[in-house]
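Each chain, letter by letter, is given below.
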Amino acid sequence: MKKYPADQKQSAVMAALRFVQDEKGWIPADDMADVAAYLGMPKMAVYEVATFTICTTSNRWANHTITVCTNLPCTLGGSEDTVAYLKSRLGIGWAK
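Within every chain, residues take consecutive numbers counted from 1 along the sequence as written. Thresholds applied to this predicted model are a pLDDT of at least 70 for local features of residues and 80 or more for the giving and counting of side-chain atom pairs; totals over whole chains, interfaces and linings are not thresholded and use all residues. Calculation of side-chain values draws on the structure's entire complement of heavy atoms; hydrogens and water are dropped beforehand.

### Some remarks on the packing of helix H2 (residues 29–39) against helix H3 (residues 43–52)
Between H2 and H3, whose axes approach to 8 Å, the crossing angle comes to 120 degrees. Looking at the two axes, H2 sits oblique to H3. As H2 runs across H3, the sense of the crossing is right-handed. Two secondary-structure elements touch here, H2 through Met32, Ala33, Val35 and Ala36 and H3 through Lys43, Val46, Tyr47 and Ala50. Under the scheme applied here, ten amino acids are nonpolar (Ala, Val, Leu, Ile, Met, Phe, Trp, Tyr, Cys and Pro), four are charged (Asp, Glu, Lys and Arg), and all others, including Gly, are polar. Residues of the contact of H2 with H3, tallied by class, amount to seven nonpolar, no polar and one charged. For helices, the axis comes from a line fit to the C-alpha atoms of the stretch in contact; other axes are also lines fit to C-alpha atoms, and the angle between any two N-to-C directions lies between 0 and 180 degrees. Each helix is a run of H or I in the DSSP string that is no shorter than four residues. Each strand is a run of E no shorter than two, and both are numbered from the N terminus. Every angle not falling under 35 degrees, over 145, or within 65 to 115 is termed oblique; those three ranges are roughly parallel, roughly antiparallel and roughly perpendicular. Should the near helix be turned anticlockwise from the far one by less than a right angle, the crossing is left-handed, and should it be turned clockwise, the crossing is right-handed. By the convention used here, residues are in contact when the closest approach between their heavy atoms is within 4.5 Å.

Here it is as structure tokens:
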């Protein structure tokens, strides 16, 4: 918290969420509520941050995660083929 201005504690939300994820491997809703209380933020604001970015996950997943870009330039470059290959080869589903 020393890195952030005292009147702008909410600036530490990403760092706090990353800390929880590093400790647990994911960010449970109870921990999001704890972060919100600690930073004096609404729970929904912390939830929005945690679920908006791909840098954190609010889902318990396996030990490894593969992320494939599927925006327009990547799709035009063949990312859908990459996703199909990975799903087939690894026998996995696609999380959105």
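### So, the side chain of Ser79
Position of Ser79 among the secondary structure elements: in helix H5 (residues 79–90). Burial here depends on accessible area, computed with a 1.4 Å probe over protein chains only, as a share of the maximum for the residue type. Under 20% is buried, over 50% is exposed, and the range in between is partly exposed. Using a relative accessible area of 5% as the deciding quantity, one classes Ser79 as buried. Definition of a polar contact: a pair of N or O atoms within 3.5 Å, with one able to donate and the other able to accept a hydrogen when the atoms are protein atoms, and with sequence-neighbouring residues admitted only if both atoms are side-chain atoms. From its side chain, Ser79 meets the backbone nitrogen of Thr75 in a polar contact 3.3 Å long. In this structure Ser79 touches Val68, Cys69, Thr70 and Cys74, once residues within four positions along its chain are discounted.

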